[in-house]
Amino acid sequence: MSIERSVGRIVELIYQDSKGNITQRQISVRQVEHGMLKGFDTVKHAYRTFALDRILASRPVSRI
């Protein structure tokens, strides 16, 4: 599934920040536009913005 189709869903991201650090995040995707993903980090309980070109992998989180 493309990340643009993930709006309104929770996804797990593997992300590389501008310093080269790689993190795994669980994000509730709010908006995808202008090369950016805006969402809510469900673990850190904070809004975050991610550059699409730094997202290394993503997958939907299944809900039970």
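Residues numbered from 1 in each chain as written. Predicted model: local features only at pLDDT ≥ 70, side-chain atom pairs only at ≥ 80, totals over all residues. Heavy atoms only, no water.

**Q** Before we move on, could you go through the packing of aromatic side chains and cite the residues and values that matter?
**A** Counted according to the given criterion, the structure contains 2 aromatic pairs. Plain terms: the ring middles of Tyr15 and Phe50 are 4.9 Å apart, the flat faces sit at 80° to each other, and that makes the pair edge-to-face. With Tyr15 in strand E1 (residues 10-16) and Phe50 in strand E4 (residues 46-51), this residue pair connects regions lying 35 residues apart in the sequence. Neither Tyr15 nor Phe50 differs from the other in exposure class; each is buried. Measuring from ring centre to ring centre gives 5.0 Å for Phe40 and Tyr47, while their planes differ by 65°; the resulting arrangement is edge-to-face. (Phe/Tyr/Trp six-rings, centres within 6.5 Å; stacked < 30°, edge-to-face > 60°. Helix = DSSP H or I, 4+ residues; strand = E, 2+ residues; numbered from the N terminus. Buried < 20%, exposed > 50% of the residue type's maximum accessible area, 1.4 Å probe, protein only.)

**Q** Give me the side chain of Ser28: which residues, what numbers.
**A** For Ser28, the location among the structural elements is in strand E2 (residues 22-33). The class of Ser28 is buried, set by a relative accessible area of 12%. Setting aside residues no more than four positions away along its own chain, Ser28 makes contact with Arg9, Ile10, Gly39, Phe40 and Thr42. (Contact = heavy atoms within 4.5 Å.)

**Q** Before we move on, can you summarise the nonpolar core with the specific residues and values?
**A** Counting residues in hydrophobic clusters, the biggest one holds 11 residues: Ile3, Val11, Leu13, Tyr15, Ile27, Val29, Val32, Leu37, Phe50, Ala51 and Ile55. Looking at this core, the elements with two or more residues in it are E1, E2 and E4. Ignoring sequence-local partners within four residues, the contact set of Ile55 consists of Leu13, Ile14, Tyr15 and Leu37. (Core = buried A, V, L, I, M, F, W, Y, C linked by side-chain atoms within 4.5 Å.)

**Q** Just give me the short version of the pattern of salt bridges, but keep the residues and values in it.
**A** Scanning the model with the defined rule gives 2 salt bridges in all. Salt-bridge contacts for Arg59 lead to Glu12; the nearest nitrogen and oxygen are separated by 2.9 Å. Separated by 47 residues along the polypeptide, Arg59 in strand E5 (residues 55-60) and Glu12 in strand E1 bring together distant segments of the chain. (Salt bridge = Lys/Arg side-chain N within 4 Å of Asp/Glu carboxyl O.)

**Q** Give me the pairing of E2: which residues, what numbers.
**A** Two faces, one strand: in a regular strand the side chains alternate between the faces of the sheet. The sheet contact formed by E1 and E2 spans 7 bridges and is antiparallel. Opposite Gln16, over in E2, you have Ile22 as the bridge partner. Counting the residues between successive antiparallel strands, the hairpin from E1 to E2 contains 5 residues, one of them, Gly20, with a positive phi of roughly 95°. Note that E2 and strand E3 (residues 36-41) share 6 bridges and pair antiparallel. In the sheet register, Glu33 faces E3, and the bridge partner there is Met36. (Pairing = 2+ DSSP bridges.)

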